[in-house]
Amino acid sequence: MNKKFTLAIFLIIVFSNFSKAYSIEADVFVQSTINRAAKTLGGNLSKEERMEKLKEIARETVDIEGIGFYSLGANRKNLTDDQLNEYKKVFSEYFLKSFSSRLAEYSNPEIEVNSKNVINANYTIVSSTLAGTDSRPEVKIEWRVYTKDPENLLIRDLIIEGLSLARTQKEEFSSIINSNDGKIEALLKNLSDFVVK
Amino acid sequence: MKKFLIISLVSLMLTSSANADTDGENNISNKNPGPVKDCFESVNRVTFKFNQVLDNIIFEPVAKTYRILPSPVRAGTGNALNNLSSLVTIPNNILQGEFVKAGVNTGRFVVNTTIGVVGIFDVAEKIGFPEYEKEDYGQTLGVMGVGAGCYIVLPVLGPSTVRDTAGSFANVLGGDAWYNVTVANDTQHVSDFDYWASRASTGINFRAKNIDSFNNLEKNSMDFYASVRSLYLQDRQRKIENSKATTETMDDGDWEEIESQ
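Cut-offs and rules
- Residues numbered from 1 in each chain as written.
- Chains lettered and ligands numbered in written order.
- Predicted model: local features only at pLDDT ≥ 70, side-chain atom pairs only at ≥ 80, totals over all residues.
- Helix = DSSP H or I, 4+ residues; strand = E, 2+ residues; numbered from the N terminus.
- Buried ≥ 20, exposed ≤ 12 C-beta atoms within 10 Å, placed from the backbone.
- Contact = placed C-beta atoms within 7 Å.
- Nonpolar A, V, L, I, M, F, W, Y, C, P; charged D, E, K, R; others polar.
- pLDDT = per-residue confidence, 0-100.
- Pairing = 2+ DSSP bridges.
- Core = buried A, V, L, I, M, F, W, Y, C linked by C-beta atoms within 7 Å.
- Expected span 1.5 Å × (residues − 1).
- Axes fitted to C-alpha atoms, helices over the stretch in contact; angles between N-to-C directions.
- Parallel < 35°, antiparallel > 145°, perpendicular 65-115°, else oblique.
- Left-handed = near helix turned anticlockwise from the far one by under 90°.

A. Representation of the overall build of chain A in the model. Summing up its helical and strand segments, chain A has 7 helices and 5 strands in all. In chain A, the succession of α and β elements from N to C terminus is α-α-α-α-α-β-β-β-β-β-α-α. In chain A, which comprises 197 residues, the proportion classed as buried is 34%. For chain A, restricting intrachain contacts to residue pairs at least 6 apart in sequence, the fraction spanning at least 24 positions comes to 52%.

Below, the structure written as structure tokens:
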């Protein structure tokens, strides 16, 4: 009995440590993501190559599906399964294009991670600063990191000088839907048009 | 009678509770939280377009030219304009009951105006004064619990709310010492021109700092008008709550429902 108990305790300890060994702190995760992006932006790549690399980074580190659901707000409850699947597909393409296009404009961004604030088991806010240049003032950037699965942290929002990009996108989507009599098709069309433009 | 009608109309718009076109997300008053309604959206969109044209023809080119100036010149201009804005910030600190901040900002103004040569050098920051935060009468009304009223886009001046527009009238009704000594009263040393030049410079300074961000936002927005509205209202909410902590101004409700893992 004692042996079995000891073995059970041993296994629990081993597996809990094993799990910890593969988990990563949110601030380290953000810094590592920034470093990957900075390496891409600072390298000798063409704009198209840069954008492809950035898309790859986004697929691995950003909760695109989660942001997509959040951006739909209350509207997501009214969608049929077909509409939802179409939305997921087109949103992912839209997001990757928009994300890479925004970042591809920067070259050698210097971002320093300053601190983190664990809100709850699911979210940590990581604070960082984008160094100012001659043409741009210093910018405070916060990263909402989804930490529910400690082995697979994902970014859900960027808060720039206190302004949430996810919330801005949500309100933009809502405006498009509302100004088209609440039709989700209008948003899907806008997203598709953005992807091909 | 005319004054009464105007006051009644403004009061009605200020206190009107509303359901925003934006999913009811923008709550910008400390004590009277309620979503901000875009009551005049079609007119606002036209004004927004007009402002964009004006921006393309005048403000952006001027801001780009301004950005060519050496960095110390731009920094000095920005410092001097910030220093002037203290004259509005300090009375608002007092109205909001922030007496310590009012004292600190008065000290900052005295130090920067004298040793800092009319505010060109931010000496106060160098000697350890805390980071400067602007306040205005719209924010004070928000802190006092006055609702934002409808969202409006003003020609040339851009995004605002009825409350913030009403608040800005306080500047020209004696609430801004800089306006009082330049426009309202005839003094020998400063004139109307100085006031309007400082206002225009503030706008150009702001635009120059945000050229890339604005262009990036416009390029990547499907509805640029809605994006700007959202950003403006988020910014006002944060300023009214005098909050630096992201978690204090963000509503996690929707995030909590999303399970993608």
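B. Just the interface of chain A and chain B, in detail. Each partner contributes residues to the interface: chain A has 38 residues there, and chain B has 29 residues. Of all the elements in the fold, those that place two or more residues in the side of chain A that touches chain B are α4 (64-72), α5 (81-104), β4 (154-160), β5 (163-164), α6 (165-178) and α7 (184-196) of chain A. Tallying contributions element by element places α6 of chain A first for the side of chain A that touches chain B, with 9 residues. Among the residues forming the side of chain A that touches chain B, the class breakdown is 10 nonpolar, 14 polar and 14 charged.

C. Representation of the confidence of the model for chain B in the model. Residues and elements named next belong to chain B. Per-residue pLDDT for chain B has a mean of 84; in total, 81% of the residues score no lower than 70. Across residues 1-26 the pLDDT falls below 50, and counting only partners more than four positions away or on other chains, this stretch makes 50 contacts in the model. In the predicted complex, the global pTM is 0.82; the interface-specific ipTM is 0.81.

D. Summary view of the pairing of strand β2 (residues 123-130) of chain A. Residue and element names in this part refer to chain A. Both strand β1 (residues 111-118) and β2 contribute to a ladder of 7 bridges, which runs antiparallel. Residue pairing for β2: K116 is matched across the bridge by V126. Here β1 folds back onto β2, and the loop between the two strands holds 4 residues. The pairing of β2 with strand β3 (residues 139-146) spans 8 bridges and is classified as antiparallel. Looking at β3, one finds that S127 is bridged to E142.

E. Geometry of the nonpolar core. Membership of the largest hydrophobic core comes to 39 residues, with the highest contact counts inside it found for V30, F95, V126 and V145 of chain A. Top element by residues in this core is α5 of chain A. It accounts for 6 residues. When sequence neighbours within four positions are dropped, the list of residues in contact with V30 of chain A reads V113, V126, S128, W143 and V145 of chain A. One finds Y151, V153, V162 and A226 of chain B within the second-largest nonpolar core, a separate group that totals 14 residues.

F. Examining the sheet that holds β1 of chain A more closely. Judged by pairing direction, the sheet is antiparallel, and its 5 strands sit side by side in the order β1-β2-β3-β4-β5 (chain A) without closing on themselves. The sheet is open, and its two edges are formed by β1 and β5 of chain A, each paired on a single side.

G. Structural detail: helix α4 (residues 99-114) of chain B. Over its 16 residues, α4 of chain B runs 23 Å from end to end, which matches the ideal 22 Å to within 8%, given 1.5 Å per residue. Among all positions in α4 of chain B, only K101, N105, R108, F109, V111 and N112 of chain B are buried.

H. Broad picture of the confidence of the model for chain A. Counting all residues, the mean pLDDT for chain A is 84, and 87% of those residues have values of 70 or more. Low pLDDT, under 50, characterises residues 14-21 of chain A; the predicted model gives this stretch 0 contacts beyond four residues in sequence or across chains.

I. Just the packing of helix α3 (residues 71-95) of chain B against helix α9 (residues 192-209) of chain B, in detail. Residues and elements named next belong to chain B. Where α3 contacts α9, the two axes come as close as 10 Å, and the packing angle between them is 125 degrees. As judged from the angle between their axes, α3 and α9 are oblique. The handedness of the crossing between α3 and α9 comes out as left-handed. Residues T77, G78, L81 and L84 of α3 lie in contact with α9, whose contacting residues are S198, S201, T202 and N205. In terms of residue class, the contact of α3 with α9 is built from 2 nonpolar, 6 polar and no charged.

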